[in-house]
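Chain by chain, the residues run as shown.
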Amino acid sequence: MATLEVPSEFQEILRPHLPYADAGDLLASSELASLGLDSMSLVELLADVEDRYDVELPDDILNESTFATVGSLWEALCPLVVTAGAESS
């Protein structure tokens, strides 16, 4: 199984919302709650993602499993981000 790579641009969006994250790259397996993501920072993160990528996140991806790890969040967002990028080209 290939290791999921989390793009640096996405890590830049995440990092301000993760007070316990180390300075190095975020691992796909890192648990968001362990890195300090709480309900308030989650709302702020969602707004930042929507603003940065010019997307509206569908309600069906807004669940506990999506926000379990850095990788699970990126996997949920990736199709939306790729589609949005293709539409703006």
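Residues numbered from 1 in each chain as written. Predicted model: local features only at pLDDT ≥ 70, side-chain atom pairs only at ≥ 80, totals over all residues. Heavy atoms only, no water.

Student: What's the story with the overall build of the chain in this structure? I'm lost.
Tutor: For the chain, the count of helices and strands is 3 helices and 0 strands. Each helix (α) and strand (β) of the chain, taken in turn from the N terminus, gives the series α-α-α. Expressed as a percentage of the 89 residues in the chain, the buried residues total 38%. Relative to all contacts within the chain whose residues are 6 or more apart in sequence, the contacts with residues 24 or more apart total 54%. Carbon together with sulfur atoms contributes 52% to the accessible area of the chain, which is approximately 5700 Å² in total. (Helix = DSSP H or I, 4+ residues; strand = E, 2+ residues; numbered from the N terminus. Buried < 20%, exposed > 50% of the residue type's maximum accessible area, 1.4 Å probe, protein only. Contact = heavy atoms within 4.5 Å. Areas by Shrake-Rupley, 256 points an atom, 1.4 Å probe, with all protein chains shown as cover.)

Student: For this particular structure, what's the right way to read the nonpolar core?
Tutor: Within soluble globular proteins, side chains that are nonpolar tend to cluster in buried spots. Ranked by internal contacts, the top residues of the largest apolar core, which has 24 residues, are Phe10, Leu14 and Leu77. Among the elements of the structure, helix 1 (8–14), helix 2 (39–53) and helix 3 (70–88) are those that each provide at least two residues to this core. Element by element, the count of residues in this core is highest for helix 3, at 6 residues. (Core = buried A, V, L, I, M, F, W, Y, C linked by side-chain atoms within 4.5 Å.)

Student: I'm lost on the packing of aromatic side chains in this one. Help?
Tutor: Geometry of an aromatic ring pair is reported as the spacing of the ring centres plus the angle between the planes. In total, this model carries 1 aromatic pair according to the counting rule given. Each ring, one from phenylalanine 10 and one from tryptophan 74, has its centre 4.9 Å from the other, and the planes form 40°; the classification is tilted. In this pair, phenylalanine 10 is assigned in helix 1 and tryptophan 74 in helix 3, connecting sequence segments 64 residues apart. For the pair phenylalanine 10 and tryptophan 74, one class covers both residues: buried. (Phe/Tyr/Trp six-rings, centres within 6.5 Å; stacked < 30°, edge-to-face > 60°.)

Student: Please explain a negative patch on the surface as it appears in this structure.
Tutor: Together, Asp38, Glu44, Asp48, Asp51 and Asp54 give the surface a local cluster of negative charge. In this structure, aspartate 51 sits in helix 2. (Patch = residues over 30% accessible without salt bridge, like charges linked within 9 Å, V, L, I, M, F, W, Y side chains within 5 Å. Salt bridge = Lys/Arg side-chain N within 4 Å of Asp/Glu carboxyl O. Lys, Arg positive; Asp, Glu negative; His and termini not counted. Charge placed at Lys NZ, Arg CZ, Asp CG, Glu CD.)

Student: Would you mind going over the side chain of threonine 66 with me for this structure?
Tutor: On the secondary structure map, threonine 66 appears in the loop between helix 2 and helix 3. The buried category is assigned to threonine 66, whose relative accessible area is 7%. Not counting residues within four places of it along the chain, the set of residues in contact with threonine 66 comprises Ile61, Ser72, Leu73 and Ala76.

Function-wise, these values are silent; they only describe arrangement.
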